[in-house]
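Coordinates in review
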There are 2 protein chains.
Amino acid sequence: MSLSKLIGVRTDEVQAKRERRKEARPGELLDAALDLFVEKGFAATRAEEVAARAGVSKGTLFLYFPSKEELFKAVVRENISGRFKEWNEEFQAFEGTTAEMVRACMTIWWERVGATKASGITKLIISEARNFPDIAAFYQQEVIAPGQDLVRRILKRGMDRGEFRVLDLDYATFSITAPMVFLIMMKHSLGACIPQDYPLDPQRYIASQVDLLLDGLQVRK
Amino acid sequence: MSLSKLIGVRTDEVQAKRERRKEARPGELLDAALDLFVEKGFAATRAEEVAARAGVSKGTLFLYFPSKEELFKAVVRENISGRFKEWNEEFQAFEGTTAEMVRACMTIWWERVGATKASGITKLIISEARNFPDIAAFYQQEVIAPGQDLVRRILKRGMDRGEFRVLDLDYATFSITAPMVFLIMMKHSLGACIPQDYPLDPQRYIASQVDLLLDGLQVRK
DNA sequence: GTTACATTACTAACCAGTCAGTCATTAATT
DNA sequence: AATTAATGACTGACTGGTTAGTAATGTAAC
């Protein structure tokens with residue numbers, strides 16, 4: 001704890017005090033780096049800027065991460081939580097119709113991932129994939145493949161129970177994942193820099209996507 | 001002057017000779033720049049690399065474009081062809097069902113845009129939007145808005161003719177555009193750097209998307 | 001031989017990464 | 001409790017390499 005805090009001096013207008021907080025630094029740096037990488041891309045964000053946003057000097061950044069590239073990799077790894085096991089179990093226990101399941105899947109995904117900082121990682125990966133093919137492959141394995149798998153299992157359940165038509169599972173999964181990816185890209189890219197042209201309400205977007213996905217465009221004869 | 005030239009070594013297989021081709025240069029530079037910007041992003045591509053790919057020296061690049069940023073803007077402008085008037089007319093003249101129209105729309109779009117270099121611009125814009133908000137706004141006005149408009153008109157036709165259900169047009173358009181954007185991102189991002197994990201056949205992808213979009217996942221009762 | 005295009009060599013700015021030094025904190029000593 | 005010593009997290013000026021942009025020089029075409 002810093003002296004100023006003990007004494008009760010207003011620190012906000014005073015020069016920020018030098019503090020030793022070994023535990024908190026890495027997390028704060030990763031947070032700052034995620035923000036900036038998502039906003040400006042890898043090459044265009046400066047290490048010093050990341051440090052400044054984390055309230056620390058550039059030297060400190062390199063105390064915790066050996067290089068900018070390793071920082072990038074750490075940012076990605078940090079945000080890849082293996083929550084798929086948990087989700088698989090949730091959906092295993094689900095009792096309603098598969099249509100309800102699809103709706104729940106997309107709504108919950110938005111709440112737990114899409115709306116959070118974590119979705120920035122997807123934008124980051126897609127934007128930088130070709131500069132970091134190893135990271136892209138890693139993300140493919142750790143996130144995309146399990147995600148596709150979960151979606152595929154949901155669709156298969158619908159087919160098995162006679163609720164859904166016979167589907168080309170390899171490609172039908174994209175009908176669920178593509179709208180999610182699109183929403184993320186809007187949130188972090190065009191939507192973030194020209195919001196006046198994109199007053200996109202995520203809930204309404206997802207509702208519309210699910211409705212059309214389940215019932216199709218055409219009137220039922 | 002290189003050693004080989006001084007000695008008199010055959011240069012024709014070593015390097016192309018110096019040539020004056022004022023007319024062709026800008027186009028060749030723009031082509032090279034598009035490739036590299038799409039592949040590596042704006043900040044990470046070097047001016048010298050663009051020049052080299054166009055078979056020219058760095059100085060020549062700056063002879064035709066005053067700065068790297070202006071080169072970027074020119075790349076985007078070059079590839080924004082106002083083909084929407086022509087397309088609008090094509091669809092105005094279309095006689096079949098609106099379902100056929102939707103399928104034609106996506107198939108033709110892939111042939112004329114998605115599969116060509118032009119689709120790289122979309123990836124570029126989405127990746128760099130936040131570093132170039134003015135470019136993003138420009139692209140929004142010149143490409144996205146007219147595109148959305150065309151799609152909206154198709155969906156409205158379906159509604160008016162009683163072929164489609166009553167739709168939330170503001171959001172239903174995304175059911176057509178989102179899969180297209182997703183396909184572009186796969187082509188230029190993950191799909192380009194880990195193709196073994198993404199053996200994505202565009203035709204089959206589009207067929208699947210259109211089928212589900214028209215008829216929905218659920219069996220018809 | 002003059003013009004116009006092209007190249008090469010150069011400059012200035014920028015930025016990732018380093019390192020000698022600083023100072024808050026804690027432990028030891030009186 | 002007060003003083004001193006040791007620690008190590010943190011700093012920021014510095015370095016070396018890179019690159020956008022420029023200027024001097026070269027050469028093909030007419």
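Look above for the structure.
Residues numbered from 1 in each chain as written. Chains lettered and ligands numbered in written order. Predicted model: local features only at pLDDT ≥ 70, side-chain atom pairs only at ≥ 80, totals over all residues. Heavy atoms only, no water.

1. Here's the deal with the overall build of chain A
A count of helices and strands for chain A gives 13 helices and 0 strands. Along its sequence from the N terminus, chain A presents helices and strands in the succession α-α-α-α-α-α-α-α-α-α-α-α-α. Radius of gyration (C-alpha) of chain A: 22 Å, far over the 17 Å computed for a compact globule of 221 residues. Across the 221 residues that make up chain A, the buried fraction comes to 50%. Of the contacts formed within chain A by residues at least 6 apart in sequence, a portion of 66% connects residues at least 24 apart. Summed over its atoms, the accessible surface of chain A is roughly 11,100 Å², and 51% of this surface lies on carbon and sulfur atoms. Of the side-chain charges in chain A, 32 are positive and 31 negative, and the distance between the mean point of each set is 3 Å. (Helix = DSSP H or I, 4+ residues; strand = E, 2+ residues; numbered from the N terminus. Rg over C-alpha atoms; globule rule 2.2 N^0.38 Å. Buried < 20%, exposed > 50% of the residue type's maximum accessible area, 1.4 Å probe, protein only. Contact = heavy atoms within 4.5 Å. Areas by Shrake-Rupley, 256 points an atom, 1.4 Å probe, with all protein chains shown as cover. Lys, Arg positive; Asp, Glu negative; His and termini not counted. Charge placed at Lys NZ, Arg CZ, Asp CG, Glu CD.)

2. Some thoughts on helix H5 (residues 68–78) of chain B
All buried positions along H5 of chain B are accounted for by Leu-71, Phe-72, Lys-73, Ala-74, Val-75 and Val-76 of chain B. Elements in contact with the buried residues of H5 of chain B: helix H2 (25–40), helix H3 (47–53), helix H4 (58–64), helix H8 (119–128) and helix H9 (133–160) of chain B.

3. A few points about helix H13 (residues 202–215) of chain A
For H13 of chain A, built from 14 residues, the straight-helix expectation of 20 Å at 1.5 Å per residue is met to within 8% by its first-to-last C-alpha distance of 20 Å. Considered for burial, the residues of H13 of chain A that qualify are Pro-202, Tyr-205, Ile-206, Ser-208, Gln-209, Val-210, Leu-212, Leu-213 and Leu-214 of chain A. Tucked inside the fold, the buried residues of H13 of chain A contact helix H7 (98–114) and helix H11 (174–188) of chain A together with helix H10 (169–172), helix H11 (174–188) and helix H13 (202–215) of chain B. Looking one or two residues beyond H13 of chain A, the residue adopting positive phi is Gly-216 of chain A, at roughly 80 degrees. (Expected span 1.5 Å × (residues − 1).)

4. Points about the packing of aromatic side chains
Applying the stated criterion across every chain, the model contains 22 aromatic pairs over all chains. Aromatic pair Phe-182 of chain B and Tyr-205 of chain B: ring centres 6.3 Å apart, planes at 20 degrees, arrangement stacked. Of the two residues, Phe-182 of chain B is situated in helix H11 and Tyr-205 of chain B in helix H13; the sequence distance between them amounts to 23 residues. Site record: aromatic cluster; members linked through ring pairs are Phe-37, Phe-42, Phe-72 and Phe-132 of chain A. The aromatic ring of Phe-42 of chain A is capped on one face by Lys-68 of chain A, whose charged end is 4.6 Å from the ring centroid. (Phe/Tyr/Trp six-rings, centres within 6.5 Å; stacked < 30°, edge-to-face > 60°. Lys NZ or Arg CZ within 6 Å of the ring centre and 35° of its normal.)

5. A word on the interface of chain A and chain B
On the side of chain B, 62 residues touch chain A, which itself brings 62 residues to the contact. When the buried surface of chain A facing chain B is broken down by residue, Arg-130, Tyr-171 and Leu-217 of chain A rank first, second and third, together holding 16% of it. Our count for the chain A to chain B interface comes out at 2 salt bridges. One salt bridge connects Arg-204 of chain A with Asp-168 of chain B, and the closest N-O pair in it is separated by 3.0 Å. Along the contact surface separating chain A from chain B lie 25 residue pairs in polar contact (both at pLDDT 80 or more). Among the secondary structure elements, those contributing two or more residues to the side of chain A that touches chain B are helix H2 (25–40), helix H8 (119–128), helix H9 (133–160), helix H10 (169–172), H11, helix H12 (190–193) and H13 of chain A. Its residues assigned to classes, the side of chain A that touches chain B shows 35 nonpolar, 13 polar and 14 charged. (Buried area = accessible area lost by both parts, 1.4 Å probe. Salt bridge = Lys/Arg side-chain N within 4 Å of Asp/Glu carboxyl O. Polar contact = N/O pair within 3.5 Å; in protein donor to acceptor, adjacent residues only side chain to side chain. Nonpolar A, V, L, I, M, F, W, Y, C, P; charged D, E, K, R; others polar.)

6. Focus on the relation of the copies chain A and chain B
Expressed as a screw operation, the relation of chain A to chain B combines 0.0 Å of axial shift with a rotation of 180 degrees, fitting to an RMSD of 0.1 Å. This pairing of chains is accounted for by a two-fold axis. Among all residues of chain A, the one whose C-alpha sits closest to the rotation axis is Gly-216 of chain A, at a distance of 1.8 Å. Taken as a fraction of all interface residues of chain A, those also at the interface in chain B reach 100%, which identifies the copy contact as same-surface. (Least-squares fit on C-alpha atoms with pLDDT ≥ 70 in both.)

7. Examining the packing of H2 of chain A against helix H5 (residues 68–78) of chain A
All names here are of chain A. With their axes 10 Å apart at the nearest point, H2 and H5 run at an angle of 95 degrees to one another. The orientation of H2 with respect to H5, classified from their angle, is roughly perpendicular. Of the residues in H5, those touching H2 at Leu-30, Ala-33, Leu-34 and Phe-37 are Lys-68, Leu-71, Phe-72, Ala-74, Val-75 and Glu-78. Across the contact of H2 with H5, the residue classes tally to 8 nonpolar, no polar and 2 charged. (Axes fitted to C-alpha atoms, helices over the stretch in contact; angles between N-to-C directions. Parallel < 35°, antiparallel > 145°, perpendicular 65-115°, else oblique.)

8. Details of the environment of Lys-40 of chain A
Along the polypeptide, Lys-40 of chain A turns up in helix H2. A C-alpha to C-alpha distance of 31 Å links Lys-40 of chain A and Thr-173 of chain A, two positions 133 residues apart in sequence. Sequence-distant contacts of Lys-40 of chain A, that is, excluding residues within four places in its chain, are made with Thr-45 and Glu-49 of chain A together with Asn-131 of chain B.

9. Looking at the side chain of Thr-122 of chain B
Among the structural elements, Thr-122 of chain B can be located in helix H8. The exposure class assigned to Thr-122 of chain B is buried, which follows from its relative accessible area of 13%.

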